[in-house]
Amino acid sequence: MKKLWFLLFPALTAAGCSLDNSLLPGRWHAVGLYEAGQSVHAPLDSVRLVFTDNNQYVFRSAGFYQEAGPFRASGYYLFMTDTTVTPPREHTLKVFYLSDDTLKIQMKKGGMEQMLFLTKEK
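These lines cover the structure that appears in this document, whether it is placed above or below. (Residues numbered from 1 in each chain as written. Predicted model: local features only at pLDDT ≥ 70, side-chain atom pairs only at ≥ 80, totals over all residues. Heavy atoms only, no water.)

A word on the overall build of the protein chain
Check the secondary structure of the protein chain and you find one helix and nine strands. Shown N-terminal to C-terminal, the secondary structure of the protein chain runs as helices and strands in the order α-β-β-β-β-β-β-β-β-β. (Helix = DSSP H or I, 4+ residues; strand = E, 2+ residues; numbered from the N terminus.)

Now the structure itself:
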């Protein structure tokens with residue numbers, strides 16, 4: 001019996017260390033942006049992140065910036081490949097929290113870590 005627990009423990013802990021991908025699909029809009037723990041005053045009303053059921057994403061931000069392409073999840077990371085540029089560019093985002101209506105992701109801009117808070121549109 002002791003050997004059985006030894007074999008099951010890695011499988012149980014690995015299962016608890018990944019995103020619930022079923023919560024991602026939908027339209028998310030930004031409600032907060034933080035850098036070094038401080039709120040960043042930025043126009044967030046046009047920042048949107050859309051995930052589809054077929055593992056595609058579209059990101060839009062202030063101005064006319066947009067990117068899109070496939071994404072995949074591994075552990076608590078999202079790997080998003082922007083195919084609107086040549087060559088395609090992959091972004092890695094760390095998901096700090098994901099529920100049915102809240103998404104908190106860490107990203108890097110100019111070497112600085114930023115935390116983006118999003119809520120799912122109903």
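Some remarks on the packing of aromatic side chains
Under the counting rule described, the total for this entry stands at four aromatic pairs. A centroid spacing of 5.1 Å and a plane angle of 55 degrees characterise the contact between Tyr34 and Phe117, whose relative ring orientation is tilted. Of this pair, Tyr34 sits in strand β1 (residues 26-35) while Phe117 sits in strand β9 (residues 112-120), and the two are 83 residues apart along the sequence. Looking at Tyr34, the relative accessible area reads 32%, which means it is partly exposed. Geometrically, the ring pair formed by Phe59 and Tyr65 is edge-to-face, given 6.3 Å between the ring centres and 65 degrees between the ring planes. (Phe/Tyr/Trp six-rings, centres within 6.5 Å; stacked < 30°, edge-to-face > 60°. Buried < 20%, exposed > 50% of the residue type's maximum accessible area, 1.4 Å probe, protein only.)

Details of unusual backbone geometry
Look at the link from Thr86 to Pro87: it is a cis peptide, with omega at -5 degrees. One non-glycine residue, Ala36, adopts positive backbone phi at about 55 degrees. Considering the arrangement of structural elements, one finds Ala36 in the loop between β1 and β2 (38-39). A relative accessible area of 67% means that Ala36 is categorised as exposed. In the Ramachandran plot, Asn55 falls in the positive-phi region, its phi being about 60 degrees despite a non-glycine side chain. You can see Asn55 is positioned in the loop between β3 (48-51) and β4 (56-60).

Thoughts on the nonpolar core
Within the largest apolar cluster, 22 residues are counted, with the highest numbers of intra-cluster contacts made by Leu49, Phe51, Leu78, Met80, Leu103, Ile105 and Leu118. Those elements that provide at least two residues to this core are β1, β3, β4, β6 (77-82), β7 (89-98), β8 (102-109) and β9. Setting aside anything within four residues of it in sequence, one finds Leu49 in contact with Gly26, Arg27, Trp28, Tyr57, Val58, Phe59, Met80, Leu103, Ile105 and Leu118. (Core = buried A, V, L, I, M, F, W, Y, C linked by side-chain atoms within 4.5 Å. Contact = heavy atoms within 4.5 Å.)

Here's the deal with the pairing of strand β5 (residues 66-74)
By the bridge criterion, five bridges tie β4 to β5 in an arrangement that is antiparallel. Opposite Phe59, over in β5, you have Glu67 as the bridge partner. Connecting β4 to the antiparallel partner β5 that follows it, the hairpin turn spans five residues, and Gly63 within it adopts a positive phi of roughly 80 degrees. The pairing of β5 with β6 spans four bridges and is antiparallel. Looking across to β6, one finds that Ala73 is bridged to Leu78. (Pairing = 2+ DSSP bridges.)

Here we look at the pattern of salt bridges
Inspection of the entire model under this criterion finds four salt bridges. Between Glu121 and Arg27 there is a salt bridge whose closest N-O contact spans 3.2 Å. Within this pair, whereas Glu121 is found in the segment after β9, its partner Arg27 is found in strand β1, the two being separated by 94 residues in sequence. Relative accessible area serves as the criterion here: at 27%, Glu121 is assigned to the partly exposed category. Arg27 sits in the partly exposed class, given a relative accessible area of 40%. Among the ionic pairs, Glu90 bridges to Arg72, the shortest N-O distance being 3.9 Å. With a gap of 18 residues between them, Glu90 in strand β7 and Arg72 in strand β5 connect regions that are remote in the sequence. What emerges from the salt-bridge pattern is a single network uniting Arg27, Arg48 and Glu121. (Salt bridge = Lys/Arg side-chain N within 4 Å of Asp/Glu carboxyl O.)

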